[in-house]
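The chain contents come next:
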Amino acid sequence: MDAVWNAIRALSIRGAPAIGVAGAYGVVLGVQATRDRPVAAFLDHLHKVADRFRACRPTAVNLPASADRMEAVARGSGADSAEILLSLLLLEARKIHEEEQAACKAMARHGAKLIENGHGVLTHCNTGGLATAGKGTALGVVIEAHEQGKRIHVYADETRPLLQGARLTVLELMRAGVDVTLICDSAAARVMHEGRVNAVLVGADRIAANGDTANKIGTQGLALAAHAHDIPFYVVAPTSTIDPDLESGQGIPIEVRAPEEVTVLPGTGSGKNGIRTAPEGAQVYNPAFDVTPWRYIRAIVTEKGVLQPPFEDSICGVMRARHEEAT
Ligand code: MRU
């Protein structure tokens, strides 16, 4: 379990859907040594393990939602042995995994309809197979459109400070044979101004009931720039990333990470081998996510279809359907 927890914390496993899936398997690993204990003790331990995962990374809702779901399945089962509870937990982790795989396929299908032949698409962070359990969220849409034979050119933000765009998105798109150009985050507005971008596509870490969307730091600025250039801004995310309990983005917890992520350019190994870019002792503020207000979002692509504003209504409808399916 510690290995999974540390991998999520250190971003070796990252991206909202991927950490939701990994967290579920992590819970199974965390409780398996207590399979010979009485049910009450097993459930007690399960709660502690689930709590550890809930607190691992605060912004993406997929991780606490997976931990909640794992706990609920065990508590609601009425099973009379820890051995059976363990099997049920493994089944539930597999179910979460399979649901995320299927969601990627469906989002790609729905979202590809928004992309036309010849489009320039700008994206941020990494939202492909390395961040999900399948083809991806925003990147899944792009790859699907490419596979359908549409000619697309992607501008990938490098995504400071950890360079998920430069390291991962560019790699995934090159491997998929999609035309991709890497840009500095600060070049995005210029690239829009030059008329190279027909749509901005990003993923999400948590979407509130009104459509306000938390995603990698820099997303909010992109949405404002897209709005100023009259370019549609789309969020692509599975319904597992929606947090219907939060009325608006105000309540989304924003993870603040270590100053070294900003002052040291990552080397090939750990940050320690990287290149220092600021004086020792420089004050740093490093929020890892920001929140894009719903009014800058043209549509939210989910596995259940493309949600249009007003998002209060469309999100409420889709979450009700999800709840009914699960019960
Ligand atoms: O800090 P990270 O790399 O986990 O942040 C990931 C993102 O912000 C992604 O855009 C988001 O999780 C959507 S991914 C499918």
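Going by the structure above, here's the rest.
We now turn to the structure provided with this report. Keep in mind that this is a model prediction, so the values were computed, not measured.

## Some thoughts on the packing of aromatic side chains
For the structure shown, the criterion picks out 0 aromatic pairs. When the ring centre of Trp5 is taken as origin, the NZ or CZ atom of Arg52, which lies over that ring, is 4.6 Å away. Of note, Lys216 hangs over the ring of Phe289, and the distance from its end group to the ring centre comes to 4.2 Å.

## Some details on the nonpolar core
Counting residues in each nonpolar core, the largest one holds 29 residues, and the members touching the most others are Ile8, Val31, Phe42, Leu46, Phe53, Met70 and Leu89. Contributions of two or more residues to this core are made by α1 (2-9), α2 (16-31), α3 (39-54), α4 (62-77) and α5 (82-112). In terms of nonpolar packing, the next biggest core, distinct from the first, is built from 28 residues, Met192, Ile242, Ile300 and Val318 among them.

## A few points about the side chain of Thr169
Along the chain, Thr169 falls in helix α7 (residues 164-176). Not counting the four nearest positions on each side in its chain, Thr169 is found in contact with Thr123, Cys125, Asn126, Thr127, Leu139, Ala156 and Gln164.

## Describing the pairing of strand β6 (residues 213-216)
For strand β5 (residues 206-208) and β6, the ladder comprises 2 bridges, and the chain directions are antiparallel. By the bridge assignment for β6, Arg206 is matched with Ala214. Hairpin connection, β5 to β6: the antiparallel pair is bridged by 4 residues, and Gly211 has positive phi, about 100°. Across 4 bridges, β6 lies against strand β11 (residues 289-292) in antiparallel orientation. Within β11, the residue paired with Ala214 across the bridge is Val291.

## Some words on the packing of α4 against α5
For the pair α4 and α5, the least separation of the axes is 10 Å and the interaxial angle reads 140°. Judged by the inter-axis angle, α4 sits oblique to α5. When you trace α4 past α5, the crossing you get is right-handed. Across the interface between the two elements, Asn62, Ser66, Arg69, Met70, Val73, Ala74 and Ser77 from α4 touch Leu85, Leu88, Leu89, Glu92, Ala93, Lys95, Ile96, Glu99 and Glu100 from α5.

## Details of the sheet that holds β11
Ordered in space as β8-β5-β6-β11, the 4 strands form an open sheet in which the pairing is mixed. With one partner strand each, in any of the chains shown, β8 (242-243) and β11 form the two edges of the open sheet.

## Re the pattern of salt bridges
Counted according to the given criterion, the structure contains 20 salt bridges. Across the pair Arg57 and Glu255 runs a salt bridge whose closest N-O atoms are separated by 3.0 Å. You can see Arg57 sitting in the loop between α3 and α4 and its partner Glu255 sitting in the loop between β8 and α10 (260-263), a full 198 residues away along the chain. Glu255 matches Arg57 in its accessibility class, with the two residues each being buried. With a shortest N-O distance of 2.7 Å, Glu255 and Arg257 are connected by a salt bridge. Relative accessible area serves as the criterion here: at 3%, Glu255 is assigned to the buried category. Connected through shared salt-bridge partners, Arg9, Arg57, Glu255, Arg257 and Glu261 make up one network.

## Side note on the site of the ligand
Surrounding the ligand, one finds 19 residues, the nearest of these being Arg14, Arg57, Asp205, Asn215 and Lys216. Separating an oxygen atom of the ligand from a side-chain N or O atom of Asn215 is a distance of 2.7 Å. Separating an oxygen atom of the ligand from a side-chain N or O atom of Lys216 is a distance of 2.8 Å. Residue assignment for the shell around the ligand shows that the elements contributing at least two residues are α2 and β6. Split by residue class, the shell around the ligand holds 7 nonpolar, 8 polar and 4 charged.

## Thoughts on α7
With 13 residues, α7 ought to run about 18 Å at 1.5 Å a step, and its terminal C-alpha atoms sit 17 Å apart, in line with that. Of all the positions in α7, only Gln164, Gly165, Leu168, Thr169, Val170, Glu172 and Leu173 are classed as buried. Next to the buried residues of α7 lie β1 (120-123), α6 (138-147), β2 (153-157), β3 (179-183) and β6.

What counts as what
- Residues numbered from 1 in each chain as written.
- Predicted model: local features only at pLDDT ≥ 70, side-chain atom pairs only at ≥ 80, totals over all residues.
- Heavy atoms only, no water.
- Phe/Tyr/Trp six-rings, centres within 6.5 Å; stacked < 30°, edge-to-face > 60°.
- Lys NZ or Arg CZ within 6 Å of the ring centre and 35° of its normal.
- Core = buried A, V, L, I, M, F, W, Y, C linked by side-chain atoms within 4.5 Å.
- Buried < 20%, exposed > 50% of the residue type's maximum accessible area, 1.4 Å probe, protein only.
- Helix = DSSP H or I, 4+ residues; strand = E, 2+ residues; numbered from the N terminus.
- Contact = heavy atoms within 4.5 Å.
- Pairing = 2+ DSSP bridges.
- Axes fitted to C-alpha atoms, helices over the stretch in contact; angles between N-to-C directions.
- Parallel < 35°, antiparallel > 145°, perpendicular 65-115°, else oblique.
- Left-handed = near helix turned anticlockwise from the far one by under 90°.
- Salt bridge = Lys/Arg side-chain N within 4 Å of Asp/Glu carboxyl O.
- Near = heavy atom within 4 Å.
- Polar contact = N/O pair within 3.5 Å; in protein donor to acceptor, adjacent residues only side chain to side chain.
- Nonpolar A, V, L, I, M, F, W, Y, C, P; charged D, E, K, R; others polar.
- Expected span 1.5 Å × (residues − 1).

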